Amino acid sequence: MGKKPVRKKINRLRGMYDILPSEIWIWQKVEKIVSEVFHSYNFQEIRFPILESTSLFHTAIGEATDVVEKEMFSFDNRSGNSISLRPEGTAGCVRAVIQNDLCNRGLTQKLWYKGPMFRYERPQKGRNRQFTQIGAEIYNIESSQADVELILMSHRLWKRIGLPNIRLEINSLGTSESRLAYREELIEYLSQYKELLDDDAKNRLQSNPLRILDSKNPQLEDIIKSAPVLEDFLDEESKQHFECVKQSLDECGIEYTVNQKLVRGLDYYSRTVFEWITDDLGSQGTICGGGRYDSLVELQGGKPTTAVGFAMGLDRIVEIIKDLNLWQPESQVDAYMIIDKEIPMQHIYKLSEQIRSALPKLNLLVNQNPSSFKAQFKKADKSMAQFAIIVGENEINNKILTLKSLKDKSFGQKELRFDDFVKTLSQFK
Ligand code: HAM
């Protein structure tokens, strides 16, 4: 016999992760809470492709953004056209809205989505190359109440999940015209300090000077501190819009700070922008970001349609829940079937199928490798099951099942005929 070839292990790609059964319950629980909360605000789910034409993201997100310049997973398909893995959901959502005529004749839409997004960033805690976003978008409501509703909805989510220490920062970017005037002023101001700017800021000076305000470089801190502020350039309508947002948040008791330097990393925003931030995650503390983007639908070839939305990073939220031990693991097993190993397995299968038909929601674990009763009870305890169903000689001979609570001593152990067994368990499931 020849030597067996040595197979090389193939690992996952950098910045991409497997979500294992041991923690999937956290993801599922967050997703469940999100879908319940979104439903209660009358949002409807939409699903759109992970792959889109590269030009869609260039148009929507902006050529001079980090995402488009450095972070896209783009490649040519077999016909030589450039396609990209979506780096975020808004561009695809807008494309789907336009293509399916969802906002026809001013129709309002409140949509939400979840799924994987891809950005070629340097991986670190809270920053992955494949990550999951859950986003919500409102189309055709120009009033500031749509902005406020999204903030209230996200606030409700943090409360339901139990996230502590989350703070809200808001700002207004005004209309694209007011931003243009501000941009000129900002370029003029920053140009005075050109020699002191780092390479990144120098590169952005003409293409995207507002993003320089976002710089984390401490050497730029003083320059940025004294820079002209966008607020002084806001048009009257944007000012009023922002005032209404703040007033409503005050009335609803939502705390916030106005951060004049909050500009967001994507070009499509106008007027309100906001971020929810935590200090529990290190430098990647933004768990949710969003804002208004009233010009994007038109920019992508649709009819003028106002829009506002947000997206949250599920990876970051799960990380906080794990780091702070916010949730205790729940049992994945409702009932553990403990079997006398002498009983033929066909009989057990028949019985367990009957139980599943009668109790479709019950999570029943049948021990397929029965050992001693003692060992099986140990395994049942370890599985954190609520009940043990015991099937031994006595049960077979008397056509009964023994149900034992593993959590509630007062329930004890009951010998039950099938109908009563189903009735008893259906009170729990
Ligand atoms: P974004 O701020 O780029 O906005 O991303 C939203 C959230 O996704 C971030 O706050 C963060 O929690 C999460 N996130 C972003 N990049 C990563 C990463 N590399 N690893 C882990 N999590 C990440 C948007 O994407 C906009 N589309 C939001 C929006 C919707 N605006 C209006 N509608």
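Residues numbered from 1 in each chain as written. Predicted model: local features only at pLDDT ≥ 70, side-chain atom pairs only at ≥ 80, totals over all residues. Heavy atoms only, no water.

A.B. asks: I'd love a proper account of the sheet that holds strand β15 (residues 401-405), names of residues and values included.
C.D. replies: Taken in spatial order, the 5 strands line up as β13-β12-β14-β15-β16 in an open sheet, and their pairing is mixed. One side of each edge strand has no neighbouring strand; the edge strands of this open sheet are β13 (364-366) and β16 (413-416). Taken pair by pair, the neighbouring strands of this sheet meet at an average axis angle of 25°, ignoring direction. Taken together, the 4 bridges between β15 and β16 define a ladder with antiparallel strand orientation. The residue of β16 that forms the bridge with Thr402 is Glu415. In this fold helix α12 (residues 345-358) packs onto β12 (335-339), β13, β14 (387-391) and β15, with an angle of close to 180° to the strand it touches most, β13. The strands touched by helix α15 (residues 418-426) within the sheet are β14, β15 and β16, with β15 carrying the most contacts at an inclination of about 20°. (Pairing = 2+ DSSP bridges. Helix = DSSP H or I, 4+ residues; strand = E, 2+ residues; numbered from the N terminus. Axes fitted to C-alpha atoms, helices over the stretch in contact; angles between N-to-C directions. Contact = heavy atoms within 4.5 Å.)

A.B. asks: Requested: an account of the site of the ligand, with residues and values cited.
C.D. replies: As a structural note, the neighbourhood of the ligand is formed by 26 residues, with Glu88, Thr90, Glu121, Glu137 and Tyr269 the closest of them. A distance of 3.0 Å separates an oxygen atom of the ligand from a polar atom in the side chain of Gln133. Within the side chain of Arg316, an N or O atom sits 3.5 Å from a nitrogen atom of the ligand. Taken by itself the ligand offers 650 Å² of open surface, and the protein chains cover 96% of this. Elements represented by at least two residues in the shell around the ligand include exactly β6 (130-139), β10 (286-292) and β11 (307-313). Take the shell around the ligand: its biggest share by element is 6 residues, from β10. (Near = heavy atom within 4 Å. Polar contact = N/O pair within 3.5 Å; in protein donor to acceptor, adjacent residues only side chain to side chain. Areas by Shrake-Rupley, 256 points an atom, 1.4 Å probe, with all protein chains shown as cover.)

A.B. asks: Tell me about the sheet that holds strand β1 (residues 44-45), and please be specific about residues and values.
C.D. replies: Read from one edge of the open sheet, 8 strands run β1-β5-β6-β11-β10-β9-β7-β8, paired in mixed fashion. Here the strands that pair on one side only, and so sit at the sheet edges, are β1 and β8 (257-258). Summarising the sheet, β10 and β11 pair through 5 bridges and their orientation is antiparallel. Bridge pairing links Cys288 to Met312 in β11. Docked against the sheet, helix α9 (residues 236-251) engages β7 (166-172), β8, β9 (270-278) and β10, running at close to 160° with respect to β7.

A.B. asks: Just give me the short version of helix α4 (residues 90-99), but keep the residues and values in it.
C.D. replies: In terms of burial, α4 is largely enclosed, as 8 of its 10 residues are buried. Along α4, the positions that sit buried rather than exposed are Thr90, Ala91, Gly92, Cys93, Val94, Arg95, Ala96 and Val97. Buried residues belonging to α4 abut β2 (51-53), α2 (54-61), β5 (109-118), β6 and α10 (296-299). Looking one or two residues beyond α4, the residue adopting positive phi is Asp101, at roughly 55°. (Buried < 20%, exposed > 50% of the residue type's maximum accessible area, 1.4 Å probe, protein only.)

All we've got here are geometric facts, nothing functional implied.
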